[in-house]
Amino acid sequence: MPVAGLAAAAAAAAAPLNTANNMAFGPNAISSVIGKPTADHIPTIDETSTQSGSFPSSSAASSPTRPPKLNRAGSQTSSRDGSEEQQLPIRRASTLEKLGLSTTIARANSLPKNHEDLKHAASMPMLFTEAPRPFWGRLWTCPQLVGFLLAVASLLFFCVGRPIQEFPKSNEMLGVTFFCAFFWVFEVVPICITALVPMVLLPTLEITSSQIVAQAYWNWISVLVVSTYLVSLAMEESRLPKRLVLRFLLMFPTMRPAALLATLMGFCFVLAMFVNSVAVMLLLAPFATSLALAAEETARNESAEADAEADLEHASAAVASSAERRRRESKNLLKDAQRFGDALLLGLAYAASCGGMATLTGAVAHYFLAGMVDFDTQVNWAHWLQFAGPIAVICGLLAYGVLYFRYISKTSVAGLSKELLEAEEEDLLSEVGSFSRDEFLVLLIQALQLALLILRPYVISPYVTSFSGGVLVNDATVAAIPALLLFFLPSEVRPRQALLSWPTVHERLDFGLVLLVGGGMAINSGFAQSGLNLIVGDCIGDIIPHLGRFSLNVCIIGGVTLCCQVFSNVGAAATLLPVMASAALQAVVNPLRLLLPATIATSLAFLLPTAAPSNVVALAKSADLARMLRTRDFFWNGLPLTIAAVLVCAALTQILGEVMFDVDGPLPRWACETTISGNCIFAKIPGFVEGRWVQEQACIINQGAAADGMICRIWNGTTYSTADVM
């Protein structure tokens, strides 16, 4: 058959599928989301590939086809020669299906397609919705107005009603906490701007001084954030990750779906350990959609060939029967290709979340943990990698297993040929050129930063100390060294410029991330300054002794995971981690016993499209496919993954936490010396604590009005006078 005739048949075969989707859920809604026209014009394969950014097939046609007709019964009427028509029944969607898809369409339709805008929409999706904004000069949607009213009402309730009598200023602090929580959840203003609220309210309400609050916004952790972000920005600018993925895939003649999914998830996992998860998704998601569209195009071409054979005049019965069988198989293959695209995008989203879990700089919630403990001697970058790395790998394998059994094991997609990958590489070469010295230097700098962060506790800090033996170099210093090198090494691609230029940093560095981390630490500081940590800690601390270690981990991880699905993982971490630290102190146990599982749980955001920034990007990029991701795709894949991950993480945090941080031991001295306590002294009281004989142990001071700080309590509940034990 001539190529033009085959392409015309493929376009005619593709038209019924598009019209069927439009009939079930509304042509205007579909076209507004995924860029497809309404029933007035059905695109050809070549047009669809051009819109989605994929590489066209050699058999694609450029001439448009006429739109098919629809009869009154809702069936599609197609005609190839204009003389005869064929009735193709269309299954109408149920009301529940229409409601679910319309919700997903509205969500995806409100997300921007530009990469820079999508970076912000991934972390603040509500601000980018196209819902009506009838309130406050057409600035706020109805949910934003509700969030503002709830925030103001909660602040007034605690400041005026004053339900807590023992620590008066804890009422104001609780009001500020709820105020920020409602602003974060409902995104009344950008979440990074909400992070400045503690800087205003804490001194105004006389909770603490401006000097103390300001110290939380720029400290060594902020330097660590900026340093690692600069190196990840250079990686993103060089387009090195995509080049590495393509070179690896081209090593094989044909990449099977299972191997392709594993490869993309593996690369995404490793990159997310060091590069911002949103940037990783923006690098790899377009590549994944191109591969998925190529698989769909192959299936449509086979369907067109089967249709062409069936339409041949004077065809024998055997040929007609064979063509009909091929037509059914090609339709099944098209469905499998669409499911293959869903698996690729979901796999990237899950791998980005799991990869960020592995390193201390991989997720924003980890910075909150670093600000609560003696970071230099306890939870440094190397120790966290040894603790969370195995957990992240197992969660990544669980994610791959779920997607494999739900998608890949049932697909009939043969795989992607080497020619398709070579075409994608040609597009990359035409855009950024061949492998350059810049990419090689950026790769070396990323490796240098990784090596310094891992080796610092063992080969640098022990030898760079003060006269008294104190540690002088922490992770912020060693992370800044490679970041500075980016501005000292000249670029080969951009003459007279460095590897990373300041205009690029000024335009693309997320300074709001520094504010966000500082706001969470300011709330943490306010907990200790106001005494709210004691009130909340007492409530939770009374429950801890009655739960076993595994049961306690399951409750913590399950509860925090649920909060992260409903709220943002950043807001959940900023609010819940100070509570966990206070509860541990009131129960006189190691704070890391509660903080480690709670921090791990902030990365288990698999259930909803808006639960994590990587999920938001996957949803937005699925609009390029013939069938976009739906909320139920996230939920039904994320549900078994979340349940399995909660149980696995509960067991592993107990085992690895004891090995790395001795979380089952007595409350350590360093925990009494950090700002999260403020009410702990290390007393010379011998006895058994957590089954171990000790000569000294922590004694938690009772700062209530009745005790007036004169009584402290040890692990077994015995009270002592602070004057006797100090």
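Here the structure is a predicted model, which is why all the values come from computation and not from measurement.

K.L.:
When you look at the overall build of the protein chain in this model, what are you seeing that I'm missing?
P.N.:
On a plain count of helices and strands, the protein chain comes out with 30 helices and 11 strands. With 726 residues in all, the protein chain has 54% of them scored as buried. For the protein chain, long-range pairs separated by at least 24 residues make up 72% of all intrachain contacts whose partners lie at least 6 apart in sequence. Accessible surface, the protein chain as shown: approximately 30,700 Å² in total, 62% of it carbon and sulfur.

K.L.:
Honestly, the sheet that holds strand β6 (residues 680-683) in this entry has me stumped. Any pointers?
P.N.:
Sheet strands line up and pair through hydrogen bonds in the backbone, either parallel or antiparallel. Taken in spatial order, the four strands make up an open sheet running β6-β9-β10-β11, and their pairing is antiparallel. Looking at strand neighbours, the two that pair on one side only are β6 and β11 (719-721), the edges of this open sheet. Geometrically, the sheet is characterised by an average inter-axis angle of 40 degrees between neighbouring strands, direction not taken into account. Of the pairings in the sheet, the one linking strand β10 (residues 711-713) to β11 comprises three bridges and is antiparallel in character. Opposite Ile711, over in β11, you have Ser721 as the bridge partner.

K.L.:
Please clarify how the pairing of strand β9 (residues 697-702) should be interpreted in this entry.
P.N.:
Remark: a regular strand shows side chains that alternate across the two faces of the sheet. Counting buried residues along β9, five of its six residues qualify, which places the element largely inside the surrounding structure. Two strands pair when backbone bridges link them, and β6 and β9 are joined in this way by four bridges, in the antiparallel orientation. Residue pairing for β9: Ile681 is matched across the bridge by Cys699.

K.L.:
Looking at this structure, I do not really get the side chain of His383. What am I missing?
P.N.:
With respect to the element layout, His383 can be found in helix α17 (residues 381-406). The exposure class assigned to His383 is buried, which follows from its relative accessible area of 17%. Contacts of His383, omitting those with residues within four sequence positions, involve Gln378, Tyr458, Met660 and Phe661.

K.L.:
Just checking my understanding: could you explain the state of the cysteines for this structure?
P.N.:
For the structure on display, the rule yields one disulfide. The partner cysteine of Cys699 in its disulfide is Cys712, sulfur to sulfur 2.0 Å. Sign of the S-S torsion, about 90 degrees for the bond between Cys699 and Cys712, identifies this disulfide as right-handed. Within this pair, whereas Cys699 is found in strand β9, its partner Cys712 is found in strand β10, the two being separated by 13 residues in sequence.

K.L.:
Would you mind showing me how to read empty space enclosed by the protein here?
P.N.:
The gaps left among the atoms become clear once a water-sized probe is rolled over them. Under the definition given, this model contains three cavities of 30 Å³ or more. The volume enclosed by the second largest cavity comes to roughly 40 Å³. Elements supplying a minimum of two residues to the lining of the second largest cavity: α13 (257-274) and α19 (437-460). Top element by residues in the lining of the second largest cavity is α19. It accounts for four residues. Among the residues forming the lining of the second largest cavity, the class breakdown is five nonpolar, four polar and no charged.

K.L.:
What am I meant to see in the nonpolar core here?
P.N.:
Soluble globular proteins tend to pack their nonpolar side chains together in the buried interior. Counting residues in hydrophobic clusters, the biggest one holds 177 residues, and the most contacted among them are Leu264, Trp384, Phe387, Ile391 and Leu604. Beyond its immediate stretch of four places on either side in the chain, Phe387 contacts Leu596, Ile600, Thr653, Leu656, Gly657, Met660 and Phe661. In this structure, Ala683, Ile685, Ile701 and Ile714 belong to the second largest nonpolar core, which totals eight residues.

K.L.:
Even after reading the chapter, I still don't get the packing of helix α11 (residues 220-238) against α19, so can you show me in this structure?
P.N.:
Helices that pack against each other are described as a pair by the angle of their axes relative to one another and the distance between those axes. With their axes 10 Å apart at the nearest point, α11 and α19 run at an angle of 150 degrees to one another. As the angle between them shows, α11 and α19 are arranged roughly antiparallel. Between α11 and α19 lies a crossing whose hand is left-handed. Residues Ser227, Thr228, Val231, Ala234, Met235 and Ser238 of α11 form the contact with α19, whose participating residues are Glu439, Val442, Ile445, Gln446 and Gln449. Partitioned by chemical class, the residues of the contact of α11 with α19 number five nonpolar, five polar and one charged.

K.L.:
Please clarify how α19 should be interpreted in this entry.
P.N.:
Structurally, the α-helix is built with 3.6 residues per turn, so residues lying three or four positions apart point the same way. Across its 24 residues, α19 extends only 30 Å between first and last C-alpha, which sits more than 12% below the 34 Å expected from 1.5 Å per residue. Taking the largest bend as the criterion, α19 deviates by roughly 50 degrees, centred on Ile454, and proline Pro457 comes between one and four positions later. Considered for burial, the residues of α19 that qualify are Asp438, Glu439, Leu441, Val442, Ile445, Gln446, Gln449, Leu452, Leu453, Arg456 and Pro457. Buried residues along α19 sit against α11, α12 (240-249), α13, α17 and α20 (475-485).

K.L.:
What is the right way to read a nonpolar patch on the surface from this model?
P.N.:
A contiguous nonpolar surface patch, about 790 Å² in accessible area, is contributed by Leu448, Ile481, Leu484, Leu485, Phe487, Phe488, Trp502 and Phe511. Looking at the nonpolar patch element by element, the count peaks at three residues for α20. Mapped onto the secondary structure, Phe511 falls in helix α22 (residues 511-530).

K.L.:
Could you clarify how one ought to interpret a negative patch on the surface in this entry?
P.N.:
A contiguous patch of negative charge on the surface is contributed by Glu419, Glu422, Glu426 and Asp427. The exposure class of Glu426 is exposed, given its relative accessible area of 54%.

K.L.:
What is the right way to read the environment of Ile643 from this model?
P.N.:
Summarising the element assignment, Ile643 is placed in helix α28 (residues 631-661). According to the relative accessible area criterion, Ile643 is partly exposed, its value standing at 49%. Each C-alpha atom of the pair Ile643 and Leu604 lies 9.9 Å from the other, and the pair is 39 residues apart in sequence.

K.L.:
Would you mind showing me how to read the environment of Ser530 here?
P.N.:
Note on placement: Ser530 falls in helix α22. Once the C-alpha coordinates of Ser530 and Leu202 are considered, the two residues, 328 residues apart in sequence, prove to be 9.6 Å apart.

K.L.:
So what exactly am I meant to see when it comes to the confidence of the model for the protein chain here?
P.N.:
Interpreting fine coordinate detail is not advised for predicted regions of low pLDDT. Per-residue confidence for the protein chain gives a mean pLDDT of 75; residues scoring 70 or more make up 73%. Here residues 95-103 scores under 50 on pLDDT; set against residues more than four positions off or in separate chains, the count is eight contacts.

K.L.:
Mind showing me how you'd approach unusual backbone geometry here?
P.N.:
Comment: phi is negative for the bulk of residues other than glycine, and the bulk of peptide bonds are trans. Here the phi dihedral of Glu206 falls at roughly 60 degrees; this positive angle occurs in a residue that is not glycine. Residues other than glycine seldom take positive phi values, yet Glu690 does so here, at roughly 55 degrees. By the secondary structure assignment, Glu690 is in the loop between β7 (687-689) and β8 (692-694).

K.L.:
When you look at α12 in this model, what are you seeing that I'm missing?
P.N.:
Extensive coverage of α12 is indicated by the burial of seven of its 10 residues. Those residues of α12 that sit buried are Leu240, Pro241, Lys242, Arg243, Val245, Leu246 and Leu249.

K.L.:
Teacher, can you tell me more about the packing of α17 against helix α26 (residues 592-601) here?
P.N.:
The contact between α17 and α26 brings their axes to 12 Å, and the two run at 50 degrees. Here α17 is positioned oblique relative to α26, judged by the angle of their axes. You can see that α17 and α26 cross each other, and the crossing is right-handed. Each of Trp384, Phe387, Ala388 and Ile391 in α17 lies in contact with α26, whose residues at this interface are Leu596, Thr599 and Ile600. When grouped by side-chain class, the residues that make up the contact of α17 with α26 number six nonpolar, one polar and no charged.

K.L.:
Quick question: what am I supposed to make of the pattern of salt bridges here?
P.N.:
Should their charged atoms come close, side chains of opposite charge can pair. Counting across every chain of the model gives 12 salt bridges. The salt bridge involving Glu172 is made with Arg162; its shortest N-O contact spans 2.6 Å. With Glu172 in helix α7 (residues 169-186) and Arg162 in the loop between α6 (142-161) and α7, the pair connects residues that are 10 residues apart, well separated along the chain. On the basis of relative accessibility, which here comes to 27%, the residue Arg162 falls in the partly exposed class. The partner of Asp342 in a salt bridge is Arg627, and the shortest N-O contact between them spans 2.3 Å. On the criterion of sequence distance, the pair formed by Asp342 in helix α15 (residues 317-357) and Arg627 in the loop between α27 (613-621) and α28 is long-range, its members being 285 residues apart. What makes Asp342 buried here is its relative accessible area of 0%.

About the cut-offs
- Residues numbered from 1 in each chain as written.
- Predicted model: local features only at pLDDT ≥ 70, side-chain atom pairs only at ≥ 80, totals over all residues.
- Heavy atoms only, no water.
- Helix = DSSP H or I, 4+ residues; strand = E, 2+ residues; numbered from the N terminus.
- Buried < 20%, exposed > 50% of the residue type's maximum accessible area, 1.4 Å probe, protein only.
- Contact = heavy atoms within 4.5 Å.
- Areas by Shrake-Rupley, 256 points an atom, 1.4 Å probe, with all protein chains shown as cover.
- Pairing = 2+ DSSP bridges.
- Axes fitted to C-alpha atoms, helices over the stretch in contact; angles between N-to-C directions.
- Disulfide = S-S within 2.5 Å.
- 1 Å grid on protein atoms, 1.4 Å probe; cavity = no way out; pocket = protein on both sides within 12 Å on 5 of 7 lines; lining within 4 Å.
- Points joined across faces, edges and corners; volume = space filled by probe spheres on them.
- Nonpolar A, V, L, I, M, F, W, Y, C, P; charged D, E, K, R; others polar.
- Core = buried A, V, L, I, M, F, W, Y, C linked by side-chain atoms within 4.5 Å.
- Parallel < 35°, antiparallel > 145°, perpendicular 65-115°, else oblique.
- Left-handed = near helix turned anticlockwise from the far one by under 90°.
- Expected span 1.5 Å × (residues − 1).
- Bend = angle between axes of the 7 residues up to and from the residue.
- Patch = residues over 30% accessible without salt bridge, like charges linked within 9 Å, V, L, I, M, F, W, Y side chains within 5 Å.
- Salt bridge = Lys/Arg side-chain N within 4 Å of Asp/Glu carboxyl O.
- Lys, Arg positive; Asp, Glu negative; His and termini not counted.
- Charge placed at Lys NZ, Arg CZ, Asp CG, Glu CD.
- pLDDT = per-residue confidence, 0-100.

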